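Understanding the architecture of this molecule
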Number of protein chains: 2
Amino acid sequence: MTRVVIVGAGFAGLAAARALANRAGIEVVLLDRSNHHLFQPLLYQVATAALSPADISAPVRSILRGARNVRVLMADAQRIDLAARRVDTDAGPFDGDYLLIGAGATHAYFGHDAWEPYAPGLKTLSQATAMRARILLAFEQAERCADWVEQQAWLSFVVVGGGPTGVEMAGAIAEMSRYTLARDFRRIDPRKARVLLVEAGPRLLPSFTERSSARARRDLTALGVDVRLGAAVTGIAAGTVTLGDERLATRTVVWAAGVRASPLAQSLGVPLDRAGRVPVTAGITIAGHDCVFVTGDLAACIDPTSQRALPGVAQVAIQQGRYAAACILADRRGAPRATFRYRDKGQMATIGRQRAICEIGRLTFGGRIAWWLWLLVHIMGLTNFRSRASVLLQWGWSFFTYGRGARLIVAGKDP
Amino acid sequence: MTRVVIVGAGFAGLAAARALANRAGIEVVLLDRSNHHLFQPLLYQVATAALSPADISAPVRSILRGARNVRVLMADAQRIDLAARRVDTDAGPFDGDYLLIGAGATHAYFGHDAWEPYAPGLKTLSQATAMRARILLAFEQAERCADWVEQQAWLSFVVVGGGPTGVEMAGAIAEMSRYTLARDFRRIDPRKARVLLVEAGPRLLPSFTERSSARARRDLTALGVDVRLGAAVTGIAAGTVTLGDERLATRTVVWAAGVRASPLAQSLGVPLDRAGRVPVTAGITIAGHDCVFVTGDLAACIDPTSQRALPGVAQVAIQQGRYAAACILADRRGAPRATFRYRDKGQMATIGRQRAICEIGRLTFGGRIAWWLWLLVHIMGLTNFRSRASVLLQWGWSFFTYGRGARLIVAGKDP
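Heads up: these notes are all about the structure in this document. Predicted model only: the values in this text are computed from it and were never measured.

**Considering the relation of the copies chain B and chain A**
- When chain B is fitted to chain A, the best match, at an RMSD of 0.0 Å, comes from turning it 180° and sliding it 0.0 Å along the axis. Between the two chains, the operation in question is that of a two-fold axis.
- Comparing contact sets, 100% of the residues at the interface of chain B also lie at the interface in chain A, consistent with an isologous, same-surface contact.

**Observations regarding the sheet that holds strand β23 (residues 347–350) of chain A**
Residue and element names in this part refer to chain A.
- Here three strands make up an open sheet; going across it, the order is β23-β24-β25 and the pairing antiparallel. Two strands in the sheet have a free side with no partner beyond their single neighbour: β23 and β25 (363–366). In this sheet, neighbouring strand axes are inclined to one another by 5° on average, regardless of whether the strands run parallel or antiparallel.
- Pairing of strand β24 (residues 356–360) with β25, which is carried by four bridges, proceeds in the antiparallel orientation. In the strand pairing of β25, C358 is matched with F365.
- Sitting on the sheet, helix α7 (residues 210–222) touches β24 and β25, and the angle it makes with β24 is about 170°.

**Some details on the environment of F293 of chain A**
Residue and element names in this part refer to chain A.
- Mapped onto the elements of the fold, F293 is located in strand β21 (residues 289–294).
- Separated by 195 residues in the primary sequence, F293 and Y98 place their C-alpha atoms 7.9 Å from one another.
- Discounting chain neighbours no more than four positions away, the residues touching F293 are Y98, L99, L100, I101, G283, I284, T285, A324, C327, I328 and R337.

**Focus: the side chain of E168 of chain B**
Residues and elements named next belong to chain B.
- Here E168 shows up in helix α6 (residues 164–180).
- It turns out E168 is buried and unbridged, and the closest side chain with the opposite charge, K123, is 11 Å from it.
- At 3.1 Å, the side chain of E168 and the backbone nitrogen of T350 are in polar contact.
- If we skip the residues at most four places from it in the chain, E168 touches P41, Y44, A349, T350 and W374.

**Details of the packing of helix α1 (residues 11–20) of chain B against helix α8 (residues 314–333) of chain B**
All names here are of chain B.
- Axis separation between α1 and α8 bottoms out at 7 Å; the angle between their running directions is 35°. Here α1 runs over α8; the crossing is right-handed. When α1 is examined against α8, the residues F11, A12, A15, A16, A19 and L20 are found in contact with a partner set consisting of A314, A317, I318, G321, R322, A325, I328 and L329.
- Split into classes, the residues belonging to the contact of α1 with α8 amount to 12 nonpolar, one polar and one charged.

**A few points about the interface of chain B and chain A**
- Opposite the 53 residues of chain B that make contact, chain A presents 54 residues.
- Taken together, the two surfaces of chain B and chain A that pack against each other cover about 5,000 Å², and 51% of this comes from carbon and sulfur.
- When residues of chain B are sorted by the area they lose upon contact with chain A, R61, R144 and R186 of chain B head the list and together hold 15% of the total.
- Across the chain B-chain A interface, the total number found is six salt bridges.
- In this structure, the salt-bridge partner of E140 of chain A is R61 of chain B, at a minimum N-O distance of 2.8 Å.

What counts and how
- Residues numbered from 1 in each chain as written.
- Chains lettered and ligands numbered in written order.
- Predicted model: local features only at pLDDT ≥ 70, side-chain atom pairs only at ≥ 80, totals over all residues.
- Heavy atoms only, no water.
- Least-squares fit on C-alpha atoms with pLDDT ≥ 70 in both.
- Contact = heavy atoms within 4.5 Å.
- Pairing = 2+ DSSP bridges.
- Helix = DSSP H or I, 4+ residues; strand = E, 2+ residues; numbered from the N terminus.
- Axes fitted to C-alpha atoms, helices over the stretch in contact; angles between N-to-C directions.
- Buried < 20%, exposed > 50% of the residue type's maximum accessible area, 1.4 Å probe, protein only.
- Lys, Arg positive; Asp, Glu negative; His and termini not counted.
- Salt bridge = Lys/Arg side-chain N within 4 Å of Asp/Glu carboxyl O.
- Polar contact = N/O pair within 3.5 Å; in protein donor to acceptor, adjacent residues only side chain to side chain.
- Left-handed = near helix turned anticlockwise from the far one by under 90°.
- Nonpolar A, V, L, I, M, F, W, Y, C, P; charged D, E, K, R; others polar.
- Buried area = accessible area lost by both parts, 1.4 Å probe.

Purely spatial values, then, with no claim about function.
Below you can see the structure in the form of structure tokens.
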């Protein structure tokens, strides 16, 4: 019996477990610290009250119900012993003939950890509902406020980081204030809320073409977002963000500027790259450890054509998970492993209502068609029929009413 | 301009605000400590993973968007000055010509407050998601566990209190373990989970007829619930519930045994009843204060026919809210106020799949027809079209697949 231990039920871990499901002679243990698989590409929609947490997640053990050789355990992996191929967790140790490590990433503050309480990031469902509460509460506080200066601070939103998450968050906050909340208040006018998107580099969406970057900027500006390029954040404290000489009074900051691989990587005892990722071979294993695969955001996987690390997107993780499973099956047959080749299916980002940007191969387009394609791809990417139907319903309702279905402040303890 | 201050956007407060919407010469301030109106009758479905929080709640200010004379504020009422007709909140004081106080109730432990951490109650959305996490986590812990005795403790669920909430919770937990989770685990068999419903009195659902009580007991027993009548809980501590001589090893206790009116009532300076409620006149005002209405769970409103206090159900609150609004409008016209007459539309409770109990006037029935009627009444009771469509979708999916759409463990801080 070949025993495979998978750490993390993200896109890679789930793809591998599915590919190994009900294969004779193979036994899988899938460990994750939460009980659900999260469709991270739509997490910003939970943070901006468009979707509910349950819409973009599904219980791991129900997804793998039919995979009788897969055991799912909710456990927190704490360290990995590479030589022994053993994962130590809070539920005890698990050793395997193969390990697949897909523990993902967390957001990073590049040496400014003190900024975190004022500028939370967005990687988990509880971070998303906390951010939703923060954003909605800012409008409530502004309505309560009699002091004009304080009101303006509550109505100013700063998003740090011009990658896909930052662009999507800034677009969604602007859209919420311009449409959804427009007529709901008596003292304030939510349409006058200020949304700033701050990017240190010269353009938005650096992984896209320059043309797409320009289009994203134009679309965001049309939505009323104040886009600041080449602007480095030099300080974040209670109530203020500092950009060089400029001090912005704001109560709500969203951090979308950087990620760092899970600290689990450090326990492997191999040299890591600057983002804390594990450098892998062309076969996505750790050099000298043919039976240890590292996938997704945790891996620094160099693309042979571009000589750059593959981006931290779902497609990379899914293809790596499937590839690792194929290698394990090949090993059992005594067949040679194939080499890993990433098939780039393109990239997309959405900017508010009926505006998106798509790049598929050499094809670059935006606007309404891109938005509908974005919708289709994301609906199809969801794990089960219930989620698809529910997301379609919420989106359909929002499309026609400009409403947002999950405008709930329920963070932390009871009010 | 007549100024009305409403405390609480529950069923009563919302009904009153709607009845006063856009009435000339009337200005309303509606205060609530959360931003949403909660459809409490379905809260147990959030606690048992069938629905998402957003399905049973709606933002108060979006419900009242069209009511231009109503100002909604998220504020926590801290005390009420009856003589000055002033409500002091964390957002400052609000005084009005009329007050409507519908601050609701919280659960009560009858002098055993130490039980609360082990036996949480169910009144708010965050309590519901915390309870959902507790229940789901118990199954996860049982699956992780190698020790048989400990496993049994994780698989034992005790619900304290045989009223509608207790009956519905016990039925839903049993159904979840028998159907939804049945094939999802490898080491444990969730169908063998033990669900106990403990009631100190001689029968379940004491506000229903004896025939309905007997039927509820039979239906719960058929679902595998161990119903204990005349059993008083004498102790609750970490890992155990004591019933007289019997000690039950359990990790999950649900408290559905008692409620107590909001502590806000104490600031009124009038004598309260045993449950902390404010005794009201036949016109649901405080004696000697014709312009202060008290409604819903906060009021002890004696029914002239039965000579008993009206029950803490949505219909009572809704009718009281509308009545108070009608009184205010009558006062403005100089017309006499009508007397408050509660029109009992009946009561119902559901016990798992396709089983419910209805009592409408002298008509008492159960089973499948009652369940469908229960469904219809609760769908229609929801505040907006989106919630209705979403709940219908989740229920439809659950009906055909036996699944539960919100099996999410996301309580407290990040894992």
